[in-house]
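Examination of the molecular architecture
Each chain, written out:
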Amino acid sequence: MAELKMIRGYPEYMRESIELVEKTREERIRNKEKEIELELSMKEREEVLSKFHPDYAPGGKRELRIGPNKGDIVPNEVADILEAWPALNPDDVDLSDIDYDVDILVIGGGGAGTVASLWANYEGIPAENILLATKLRHGDANSMMAQGGIQAADRPWDSPIIHYMDVLGGGHFANKHELVKALTEDALLIMKWHEELGVMYDKDENGNFIERWGGGTSRMRLHSAKDYTGMEIMRVIRDEARNRGIPVLEFSPAVELITTEDGEIGGAILWNMETKEYYVVRAKATVLATGGWGRLHIRGFPTTNHYGATADGLVMSYRAGARLRDLDSVQYHPTGAAYPEQIVGLLITEKVRTMGATPVNKYGETFVFPLEPRDVEASVFIRECYARNNCVKTPTGMRGIWLDSPMIEELRGEGAIRKNLDAMYRMYKRFGIDMTKDPILVFPTLHYQNGGVEINANAQVIKANGEPYPRFFAGGEVEGGVHGKNRLMGNSLLDYNVFGRRAGISAAKVARNSGKPGKLTLKHVKLFTKEVEKINVPMWRKSPILLPDYRGKRVLARKIDLPVLE
Amino acid sequence: MAEKKKVELLEVDSARIMNEIKKAASPPEEVEHWVTIYVMGKPYKVPAGLTIMKALEYAGYRYIRGAGCRAGFCGACATIYRKKGEYRFRTALACQTTVEDGMYLAQIPFVPANKATYDIDKVKPSPNVFLEYYPEIARCISCNTCTKACPQELDVMYYIQAAIRGDVERVAKLSFDCIQCGLCTLRCPAEIQHYHLAQFARRLYGKYYLKKSPFLKERLKELEKGVFEKGFEMIKKMREENPEKVKELYRYLITKGREKEKKTVENTLKFRGGD
């Protein structure tokens, strides 16, 4: 690109569009109440989704050819890793030499895994009989990055049933009843628990939570801690896990589950990414809390997700015979950063819209109700950018529409952004943009795995035949069913707390009441390998992939492995 | 408002659109501007405009440690650097900082720091609570190095001073945006472990200073009595027997709900004296 003249963080040519946005701002603020008139009917929603949502556009998905969900349609990138060769060769492992023999193995050190460990401990399982194994550091997870908030129906004119209906409608009525009921009822127990742990929620002087709108909700029930809600909850529960001495193994992801001769889950093989040695973990109960799939960059989209979001849990549990659901549906967050290049794809919390910022096009025109469910909102953005061409193009070719953040200051008074959206303010400031004075450019970004490993209300994982595994549980983004085909804002923090807790309690029950699992085996990996042999998969395609690869093309072209220093 | 018709029927090729999006989001094929950075002393030519993290990856490094959320929330990518010819020692987050020509970079893979353990239900916030759990704060020499090291630009030294005075609220509020990268702790000549202390303060504040929600308390009583069971049963039945009716109900609740909520909240807030 040629040297561009930059004015307060934006190239000069983008300033022309910003001026148009400024011109219409006053009128838009006056008519803020009327934005609801742009809300789409159910039929119109279907129309934009079918044409502009990446899930509906042809060419992005294919049928699974092997495994429990054979015949189901999933994104190509997901099919690639589900149908890949197991990275671990079972013959390299000696299962008789057990490194960790524990009551409960928790796989994944994000929100769900931490909550599960804590509740197992509350239920009487001594900390030293729990092992939390994680791929990166404890707390390196999407849980840490969630900004907007957590939903709970605590106000007298709200109710868990209304919360349920919002979840159901947002999820296109595909949600599993028992899970949504658990989610919306337990929400209240979780808020109580967080109060006792000392989570610093935004509250008024009487102790009531300050609650805001979320997209696709009929009540204001979004509880937040500035725009660091996820970080605040995650660091508190991690601190509590440290106080209680829960043992944590970092940089040691599970690479394969261990099954037993009697068809159960009996632990996992961990792999120390630094020393490259493996560990055999035998556990009376295993909790899967490995998170989602954002780093698979489905359909080439940028992502809001953390570095390790590579769907390892789906891969491992699929090989062990678990049933997956709703994996055809991918959540794209409507507002990812589209400019500057350094932060493309990063999350611009929905709270920016709930605080009053309106999405506007290149000409400063309002074109959408700001608080549609995420899939609808994202589709309308794509339509505005790629069909109506009312978008701004960045120097690197990204297209985006404006999120008129200065409106927040006008509507809620000067300083409202620093007070409520400091993380966002700070991020833009680092790259020379002042979002209190100028709008920010956004485009949909890959955000969430709506479906996952199917569970029941006890957080037990469901086998292909519909029966639950007695010793295998899941919580958080890896599991599916609760959000149906589309998750609403504020329900993922809630999800990992609710089902992490239930998984921990259920796992503790098993650990208390059952002996050691049966004879350990990796037979399922060998059987799965036989299936892969039948469908012509390239030899280099192996999974779980553990981490994405962003190395430069030139380096990779010259990279050789010498048979020394291995 | 911009238009009357909310959804124009547009004839589009959605597969083509997806390909265009993919192309726009991929790294550009040609690089016009380059900078030279020194990764632990070794020079690499990388495209200008990348973050330190992406530049290292471009140069061929594959992170195991040193990369977490990649968005400025987790503190995994704490980085120290100097620029060629400058005496000044600088700190940054690799995922939130653009590379500059002549940077000498090193990333911190791990920060050894002791966290005091405590029982949050038993510990009581007293004026000496911080000196009891983190006595080393008394050694603070007010040099402000911690504040200068903070990539979040927090007033770290001020909150340590507040901790010495036992001001829980001030520590909690000043440290709220802390991402626990540990750079303050690494730089401190008095060997204070700021970020662990700050975590302790925030939990004390959240638990003992913020009032418990009265609404939540009431709602939990209702939940315990099982007042919602009947409603959930009804919806379950309706979903099985008459899915169309469920959709209608949803539509009704969401439209009417939004209007009603606005009025209720406005009135209640007036009643309660504002947000």
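Residues numbered from 1 in each chain as written. Chains lettered and ligands numbered in written order. Predicted model: local features only at pLDDT ≥ 70, side-chain atom pairs only at ≥ 80, totals over all residues.

A few words on the domain arrangement of chain B. Residues and elements named next belong to chain B. Domain annotation of chain B identifies domain 1 (34–107), domain 2 (129–209) and domain 3 (217–252). With centres defined by C-alpha atoms, the gap from domain 1 to domain 2 works out at 27 Å. Listed per partner, the contact involves seven residues of domain 1 and seven residues of domain 2. At three residues, the largest contribution of residues to the side of domain 1 that touches domain 2 is made by strand 4 (residues 90–93). The residue inventory of the side of domain 1 that touches domain 2, partitioned by class, reads five nonpolar, two polar and no charged. (Domains from an automatic or database assignment. Contact = placed C-beta atoms within 7 Å. Helix = DSSP H or I, 4+ residues; strand = E, 2+ residues; numbered from the N terminus. Nonpolar A, V, L, I, M, F, W, Y, C, P; charged D, E, K, R; others polar.)

What follows deals with the interface of chain B and chain A. Listed as interface residues are 85 residues of chain B and, on the opposing side, 99 residues of chain A. When contributions to the side of chain B that touches chain A are tallied by element, the ones reaching two or more residues are helix 1 (14–25), helix 2 (52–58), helix 8 (194–209), helix 9 (214–225), helix 10 (229–241) and helix 11 (243–272) of chain B. A per-element tally of the side of chain B that touches chain A places helix 11 of chain B first, with 13 residues. Tallied by class, the residues present in the side of chain B that touches chain A amount to 43 nonpolar, 18 polar and 24 charged.

Here we come to the nonpolar core. Across soluble globular proteins, nonpolar side chains show a tendency to be buried alongside one another. Residue and element names in this part refer to chain A. Judged by nonpolar contacts, the single largest core of 238 residues is most densely connected at Ile104, Val287, Ala474 and Ala507. With 10 residues, the single largest contributor to this core is helix 15 (residues 492–513). When neighbours within four sequence positions are excluded, alanine 474 is seen to be in contact with Val287, Leu288, Ala289, Val453, Ile455, Ala459, Val461, Glu479 and Ala503. (Core = buried A, V, L, I, M, F, W, Y, C linked by C-beta atoms within 7 Å. Buried ≥ 20, exposed ≤ 12 C-beta atoms within 10 Å, placed from the backbone.)

We now examine helix 1 of chain B. Between its terminal C-alpha atoms helix 1 of chain B stretches 17 Å, which fits the 16 Å expected from 12 residues at 1.5 Å a residue. Buried within helix 1 of chain B are the following residues: Ser14, Met18, Ile21, Ala24 and Ala25 of chain B. Taken around the axis of helix 1 of chain B, the buried residues stretch over an arc of 125 degrees, which confines them to a single face. Seen from the buried face of helix 1 of chain B, the exposed residues on the opposite side, beyond 90 degrees, are Ala15, Arg16 and Lys23 of chain B. Those residues of helix 1 of chain B that are buried are in contact with helix 2 (42–52) and strand 19 (399–403) of chain A. (Expected span 1.5 Å × (residues − 1). Arc of directions from axis to C-beta.)

So, on to helix 16 (residues 523–534) of chain A. All names here are of chain A. Relative to the 16 Å expected for 12 residues at 1.5 Å per residue, helix 16 spans 18 Å between its end C-alpha atoms, a close match to the ideal helical length. Among the residues making up helix 16, those that are buried are His524, Val525 and Phe528. The buried side chains of helix 16 occupy one side of the element, clustering within an arc of 95 degrees when seen end-on. Looking at helix 16, the residues exposed on the side facing more than 90 degrees away from the buried face are Lys523, Leu527, Lys530, Glu533 and Lys534. On the buried face of helix 16, the contacting elements are strand 5 (85–86), strand 12 (254–260) and helix 9 (312–319). Just beyond helix 16, the residue with positive phi is asparagine 536, at close to 65 degrees.

Per-residue confidence for chain B gives a mean pLDDT of 92; residues scoring 70 or more make up 93%. Predicted confidence is poor over residues 270–275 of chain B, with pLDDT under 50, and the contacts of this stretch with residues over four places away or in other chains come to three contacts. (pLDDT = per-residue confidence, 0-100.)

As a further point, take the sheet that holds strand 3 (residues 78–83) of chain B. Residue and element names in this part refer to chain B. Pairing is mixed in the open sheet, where five strands are placed in the order 2-1-5-3-4. The open sheet has two edge strands with one neighbour each: strand 2 (42–47) and strand 4. Mean inter-strand twist for the sheet, computed between neighbouring axes without regard to direction, equals 35 degrees. Across six bridges, strand 1 (residues 34–39) lies against strand 2 in antiparallel orientation. By the bridge assignment, valine 39 is partnered in strand 2 with lysine 42. (Pairing = 2+ DSSP bridges. Axes fitted to C-alpha atoms, helices over the stretch in contact; angles between N-to-C directions.)

This part is about the sheet that holds strand 10 (residues 222–223) of chain A. Residue and element names in this part refer to chain A. Spatially, 8-10-9 is the arrangement adopted by the three strands of the open sheet, whose pairing is antiparallel. Of all strands in the sheet, those with a lone pairing partner are strand 8 (150–151) and strand 9 (211–212), marking the two edges. Relative to strand 10, strand 9 is paired through two bridges, and the arrangement is antiparallel. Bridge pairing in strand 10 links arginine 212 to leucine 222.

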